[in-house]
Amino acid sequence: MSNIICILLSAVLSPLAYAQNREALAVPVEVLPDYITRRVISDAPEQTLSELARTGSVERGIIVGAKRWDVGVPISVCFFGGSRELRRHIVEVASIWERQGALVSFDFGDRIDPNLCRSNRVYDIRIGYTQPGYWSMIGQDSLVHVGQLEESMNFQRFDISPPTETEFQRVVLHEFGHALGFYHEHQQQDEGCEGELNWPAVYQYLGGPPNNWSQETIDFNLRSSRYMTGDIKTDFNVKSIMLYTFPIDFYRDGARNRCYSPGNTALSPGDTQLLRMAYGNEAITRASSTAAITAAVASFSAPERAALRTRLNLFKADQATKNQILRVGNAQFTDVDIKACSTAPATLASVETVTQFLNAEPKVGMLRYRGTVAPAGNEPGIMVLADADHPEITDARRIVASLSSRYGKQVSLAENPGRDRWLLTIVVCGGLRP
Ligand SMILES: [Zn+2]
């Protein structure tokens, strides 16, 4: 799962500000949203790939190679809103990646009025502003683990209050780096910065508010052994746009540390070099990556091999085929609203356990708690509401079946026969009995 995580310490963590005022640093370290992480955790092919990397059967970088975009084929991008000016500004910064002498180009549509996302076509990268933090899926993970109606790259509140120009450029270049398949520079396994960090300080900082991460979570997200390095790499590059800016006291010897950067806001020669290697004529092609993976899974069970073959075929497919595969629902996810009958402790506890249960449903999208709703009765129970004439009814039935396996007859489905849209909503009442 680690291969999809993007953490980006906000630039608010400038070393100076950190030294001056720790209070001002109450900024969350940003990760992919839970609803995406849980899909990856429950995704069999992804777990097979992780297992291959963990056991060393296949280098992690080979797996990344399979997720890279086709060399020389424009990568389509759309925006979920944002003014024309904002979209144009993002295009302007992102296009710096196109001018590095590599075979990389983006299809933004009309660059004066860049693409807004439309439901009748497939876009490789979809940019939104409503999720917490700044993050992006890695390479083609944007098609596999995120639906077409969801953002694959997020710039929180850029549409409402964009950051300073310097920060804007740093964040957009960094996230587009991830979208092209880049990982964090400090997490390279060979020459990474894990050994350079002052771990007690890191644990203390990230273990406190607002992150409150456990040691396990911190290790998972920050230690280099969890990360892929890319099947191609350059020497450690302290000027890389993909290198984090951590507070000075995150490092053993502060600002003198070889891994310390006061903050990079432009592509470095090393970034350009890596891009040319990944998207140049000398690139290791996805075909060779997928062939290596396919060979390594020969000893796996037939279902595991079949699952992985399907995924690799998606990565290998040309754009037209890929669009076809995605159109038939491969990457569609259903958002679910959850409401409670009351704010009674037993009911809220039930809301929490039901939410956790649904977390394991791979096709469930965002789970949004929407407060209380007047109950139809006071009996403990879960009512799933969905529109009878909307495709979501299929998802609702699957969710009902899944919930019933745990909560039995306490679960019911209410189909809305009318024309008013209900959206898929789950109402939880009382203390449920598993
Ligand atoms: Zn990042």
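Residues numbered from 1 in each chain as written. Predicted model: local features only at pLDDT ≥ 70, side-chain atom pairs only at ≥ 80, totals over all residues.

## Some remarks on the overall build of the protein
This is how the line gets drawn: Runs of E in the DSSP output that reach at least two residues are strands. Runs of H or I that reach at least four are helices, and both are numbered from the N terminus. Any residue with 12 or fewer other C-beta atoms within 10 Å of its own C-beta is exposed, any with 20 or more is buried, and the rest are partly exposed; the C-beta atoms used are placed from the backbone. Here the contact rule is simple: place C-beta atoms from the backbone, and any two residues whose C-beta atoms are within 7 Å are in contact.
Helices and strands together make up the secondary structure of the protein, namely 15 helices and 10 strands. A buried classification covers 40% of the 434 residues belonging to the protein. Of the contacts formed within the protein by residues at least 6 apart in sequence, a portion of 79% connects residues at least 24 apart.

## Regarding the environment of Gln 324
Within the fold, Gln 324 resides in helix α13 (residues 319–330). The class of Gln 324 is exposed, set by 12 C-beta atoms lying within 10 Å.

## A look at the confidence of the model for the protein
To be explicit about the condition: Known as pLDDT, the predictor's confidence for each residue is given on a scale from 0 to 100.
Averaged over every residue, the pLDDT of the protein is 79; residues scoring 70 or more account for 83%. Confidence drops under a pLDDT of 50 for residues 1–28, and excluding neighbours within four residues, the segment shows 64 contacts in the predicted structure. Low pLDDT (under 50) marks residues 225–231, which in the prediction has 30 contacts with non-local residues, meaning those over four places away or in another chain.

## A few points about the pairing of strand β10 (residues 425–429)
Within a regular beta strand, the side chains point alternately toward one face of the sheet and then the other, so they alternate between its two faces. Convention followed: Strand pairing is assigned whenever DSSP identifies at least 2 bridges connecting the two strands.
Of all the five residues making up β10, four are buried; the element is thus mostly covered by neighbouring parts of the structure. One ladder, built from four bridges, connects strand β6 (residues 334–340) with β10; its direction is parallel. Opposite Lys 339, over in β10, you have Val 427 as the bridge partner.

## Remarks on helix α12 (residues 302–316)
To be explicit about the condition: For a helix, the expected span equals 1.5 Å multiplied by the residue count minus one. Here the arc refers to the set of directions running from the helix axis out to each C-beta atom.
Over its 15 residues, α12 runs 20 Å from end to end, which matches the ideal 21 Å to within 8%, given 1.5 Å per residue. Within α12, the full set of buried residues consists of Leu 308, Arg 311, Leu 312 and Phe 315. All buried residues of α12 project into a common sector of 100° when viewed along the axis, lining one side. Opposite the buried face of α12, at more than 90 degrees from it, the exposed residues are Ala 302 and Pro 303. Elements in contact with the buried residues of α12: α3 (44–55), α4 (60–67) and α11 (286–296).

## Quick look at the packing of helix α5 (residues 84–94) against helix α7 (residues 165–179)
Each pair of packed helices can be described by the angle between their axes along with the distance between the axes. The criterion, for reference: Helix axes are fitted to C-alpha atoms over the stretch in contact, other axes to C-alpha atoms as well, and angles between N-to-C directions run from 0 to 180 degrees. For classification, angles of less than 35 degrees are called roughly parallel, those exceeding 145 degrees roughly antiparallel, those between 65 and 115 degrees roughly perpendicular, and all remaining angles oblique. In this scheme the handedness of a crossing depends on how the near helix is turned from the far one: anticlockwise by less than a right angle means left-handed, clockwise means right-handed. When residues are grouped by polarity, Ala, Val, Leu, Ile, Met, Phe, Trp, Tyr, Cys and Pro land in nonpolar, Asp, Glu, Lys and Arg in charged, and all others, Gly among them, in polar.
Contact geometry of α5 with α7 gives a least axis separation of 9 Å together with a crossing angle of 65°. In this view, α5 runs roughly perpendicular relative to α7, as classed from their interaxial angle. Our pair here, α5 against α7, has a crossing hand that is right-handed. Note on element contacts: α7 touches α5 through Phe 168, Gln 169, Val 172, Leu 173 and Phe 176, opposite Ile 90, Val 93 and Ala 94. Residues of the contact of α5 with α7, tallied by class, amount to seven nonpolar, one polar and no charged.

## Some thoughts on the sheet that holds strand β4 (residues 134–136)
Strand pairing in a sheet relies on backbone hydrogen bonds. The paired strands run either parallel or antiparallel. On the basis of which strands lie adjacent, the open sheet formed by five strands has the order β2-β1-β3-β5-β4 and mixed pairing. Whereas interior strands pair on both sides, the edge strands pair on one side only; in this sheet they are β2 (106–107) and β4. Judged from the two bridges that link them, strand β3 (residues 125–128) and strand β5 (residues 153–155) form a sheet pairing that is parallel. Note that in β5 the partner of Ile 127 across the bridge is Met 153.

## Section: the environment of Pro 362
With respect to the helices and strands, the residue Pro 362 is situated in the loop between α14 (345–359) and β7 (364–372). Given 13 C-beta atoms within a 10 Å radius, Pro 362 is considered partly exposed. For Pro 362 and Ile 36, which are 326 residues apart along the polypeptide, the C-alpha to C-alpha distance reads 9.1 Å. For Pro 362, the residues in contact, after removing those within four places along its chain, are Arg 39, Ser 42 and Asp 43.

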